[in-house]
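So the chains spell out like this:
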Amino acid sequence: MKVVDILLFFFLTGVAGCSGSQSALDVHGAPAIHLKDLMTAFVWICGFVWLLVIFALIYALVRSRTGEASTQPDGPWTKIVVSGAVAATGVIITGLTIASYYTTRAIDGSQGDAISISVKGEQWWWRIRYPNRDPALEFETANEIHIPVGRDVRLQLESADVIHSFWVPSLAGKQDLVPGRSNTLLIRAERPGIYRGQCAEFCGLQHSHMGILVVADDEASYARWLASQRKVQSQTMDPEASAGEKVFLAKPCAACHTVRGRSSTGTTGPDLTHVGSRQTIGAGLLETTPGSLAAWIADPQTLKPGNNMPMVPLTSNELRQISRYMDSLK
Ligand code: CUA
C-alpha cells in the first residue's frame, strides 16, 4: 500500500464521520446549529492564524539560511509586527470569548412553552419519564424519546449511579447526568426523523452500549404515540403470549420490570409496558425483533456483559412464550 493510499484511507474514514445519524456536523435543531456555527468560526479563525504562523516560520527559516538575517539590532518594523501580533491575539481571543458566551445563552433559551421530559442515566440504559400534572397520564419508558417537531423540549437530567452524559449530536450539545444533582438540556428538532445519541462520559463496562434514540414526530404522530404509551395493557392476548405472561410472573422477571395493567410492578429495570413498540432493546444494542428479544432473554450477560439483568433459566418453550409476550407489548 502506498503512502498516498494510507493518507486517502484516513481522510475518507475521517470524512465519513461528518454525516449521518450521529454527527455534530449534520445538525437539525437550533441548539446544535448554534454550536456548529461556533465551531465553524473557531476552525476558520484558528486555521487562518495557524497558516500565518507557519508562513512566518518558513520565511524566518529561509532568511536565516540565505544569511539575510543579520545580527543588527531590531528595527522599527520588528516593534510594529510584535505589537500587531499581540493586538490581533487580544482581539481574536476576546471575539471568540464573546461568541462563546452568546452561543451558550442562545442554546439554553427556549421560545415559549417547552415540553418537559425527565431522563435518568443508569448503568447502562436511559430511564425516560413523561411527567404530567395528572398522575394518571404520566408514564415511563426507556432508551427512546419521542418529541414533536419544531417544539422546544427541556430534558431534566439525573443519574442513579455514576456520571453519564447525554449527547444527541444532531440536536444539541452534551450535558452530564450527575448523581444527586439535576441538570437541564434544551433539545429541538426542525424536521421529523430518528436521531441517534450516545452516552458520552465513560460510565463503566458497557458505556459504549448506552445508546439512545430521539424520534421527532409531526404533531399528529406525536399525539398518537403519547396516547398509545399512556394506555395500560388490558387487552386479552393470544394463547402463546398469555402463557408467556404466566412465565414472566412466575420467574424473577416481574420483580424488576413493570408492565402497566398487568401484575408486574418491579422498578429496578426498564418499564416494559410497550417494549414491543420500541425500535431497539438493550439501549440501542439490538433492533427489536422476536429473535433478538429471545436472544436477549436467553442470555443477556453474553450480549451485554456486566449489566444488571441475570440469566434466568428457561426451557425452550418458556423462552418462546416469554419472547412472544414481550413482542406483543406494543
Ligand atoms: Cu453512561 Cu457512559
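Residues numbered from 1 in each chain as written. Predicted model: local features only at pLDDT ≥ 70, side-chain atom pairs only at ≥ 80, totals over all residues. Heavy atoms only, no water.

### As for the overall build of the chain
Condition: Per the convention used, a helix needs a DSSP run of H or I reaching at least four residues, while a strand needs a run of E reaching at least two, with both numbered from the N terminus. The globule rule used for comparison is 2.2 Å times the number of residues to the exponent 0.38, while the radius of gyration itself is calculated over C-alpha atoms. Here, Shrake-Rupley sampling with a 1.4 Å probe gives the accessible areas, and only protein chains in the shown set may cover a residue. All tallies of charge rest on Lys and Arg as positive and Asp and Glu as negative; His and the ends of each chain are not included. Note that the charge is assigned to NZ on lysines, CZ on arginines, CG on aspartates and CD on glutamates.
Helix and strand counts for the chain stand at 9 helices and 14 strands. A compact globule built from 330 residues should have a C-alpha radius of gyration of about 20 Å, whereas the chain, at 27 Å, is more than 25% larger. Its C-alpha atoms put the chain at 95 × 55 × 35 Å along the principal axes. In the form shown here, the chain has an accessible surface area of approximately 18,400 Å², with 64% of it arising from carbon and sulfur atoms. For the chain, the distance from the average position of its 29 positive side-chain charges to the average position of its 29 negative side-chain charges is 1 Å.

### Thoughts on the sheet that holds strand β5 (residues 153-159)
Keep this limit in mind: Strand pairing requires that DSSP identify at least two bridges connecting the strands. Lines are fitted to the C-alpha atoms to define the axes, a helix being fitted only along its stretch in contact, and any angle between axes, read from their N-to-C directions, falls within 0 to 180 degrees.
The sheet built from 5 strands is open, its strands ordered β3-β2-β1-β5-β8 with mixed pairing. For this open sheet the edge positions go to β3 (139-142) and β8 (183-187), each flanked by a neighbour on one side alone. Neighbour-to-neighbour, the strand axes of the sheet open up by a mean angle of 25°, direction not taken into account. Both β5 and β8 contribute to a ladder of 5 bridges, which runs antiparallel.

### Remarks on the packing of aromatic side chains
Inclusion rule: Stacked, edge-to-face and tilted are the three classes for Phe, Tyr and Trp ring pairs, Trp counted by its six-membered ring, which pair at centre distances within 6.5 Å; planes under 30 degrees apart are stacked, over 60 edge-to-face, the rest tilted. Only protein chains enter the area calculation, which uses a 1.4 Å probe; residues under 20% of their type maximum are buried, those over 50% are exposed, and those in between are partly exposed.
Tallied over the entire structure, the rule returns 7 aromatic pairs. Taking 5.2 Å as the distance between ring centres and 80° as the angle between the ring planes, the aromatic pair formed by Y101 and Y102 counts as edge-to-face. Residue classification places Y102 among the exposed residues on the basis of a relative accessible area of 52%. Both rings, one in W126 and one in F166, keep their centres 5.6 Å apart while their planes meet at 85°; by these two values the pair is edge-to-face. With a gap of 40 residues between them, W126 in strand β2 (residues 125-130) and F166 in strand β6 (residues 164-167) connect regions that are remote in the sequence. Ring pairing ties together the aromatic residues Y130, F139, Y222 and W225, which thus form one cluster.

### Quick notes on the pattern of salt bridges
Quick note on the threshold: For this analysis, a salt bridge means a side-chain nitrogen from Lys or Arg found within 4 Å of a carboxyl oxygen belonging to Asp or Glu.
Evaluation of the coordinates by the stated rule reveals 13 salt bridges. Of the charged contacts, one joins D152 and R188 as a salt bridge, the two residues approaching to 3.0 Å between their closest N and O atoms. Of this pair, D152 sits in the loop between β4 (144-148) and β5 while R188 sits in the loop between β8 and β9 (193-199), and the two are 36 residues apart along the sequence. When its relative accessible area of 4% is taken as the criterion, D152 is described as buried. Salt-bridge contacts for R260 lead to D271; the nearest nitrogen and oxygen are separated by 3.7 Å. In this pair, R260 is assigned in the loop between β11 (258-259) and β12 (264-265) and D271 in the loop between β12 and β13 (280-281), connecting sequence segments 11 residues apart. Among the ionic contacts, a cluster of salt bridges with common partners joins D238, R324, D327 and K330.

### Considering the nonpolar core
Nonpolar side chains tend toward joint burial in soluble globular proteins. For clarity, the threshold we go by: Nine residue types can take part in a nonpolar core, namely buried Ala, Val, Leu, Ile, Met, Phe, Trp, Tyr and Cys, and a core is a set of them joined through side-chain atoms within 4.5 Å. By the convention used here, residues are in contact when the closest approach between their heavy atoms is within 4.5 Å.
Counting residues in each nonpolar core, the largest one holds 31 residues, and the members touching the most others are I145, I147 and F166. Elements that contribute at least two residues to this core include exactly β1 (115-122), β2, β4, β5, β8, β9, β10 (211-217) and α4 (219-230). Those residues in contact with I147, other than ones at most four positions away along the chain, are I117, V153, L171, I187, A189, V214, V215, A216, D217 and Y222. Of all hydrophobic cores here, the second largest spans 19 residues; its members include C253, V259, V275 and Y325.

### Description of a nonpolar patch on the surface
Going by this rule: In this scheme, patches are assembled from residues that exceed 30% relative accessible area and form no salt bridge. Like charges are connected within 9 Å, while nonpolar side chains (Val, Leu, Ile, Met, Phe, Trp, Tyr) are connected within 5 Å.
Judged by side-chain polarity, W50, L51, F55, I58 and V62 come together as a nonpolar surface patch covering roughly 540 Å² of accessible area. As for its placement among the helices and strands, V62 is situated in helix α2 (residues 30-66).

### Thoughts on the sheet that holds strand β7 (residues 175-177)
Read from one edge to the other, the open sheet built from 5 strands follows the order β4-β10-β9-β6-β7, with strand pairing classed as mixed. With one partner strand each, in any of the chains shown, β4 and β7 form the two edges of the open sheet. Taken pair by pair, the neighbouring strands of this sheet meet at an average axis angle of 25°, ignoring direction. Examined bridge by bridge, β6 and β7 share 3 bridges and lie antiparallel to one another. Within the sheet, the bridge partner assigned to F166 lies in β7 and is Q175.

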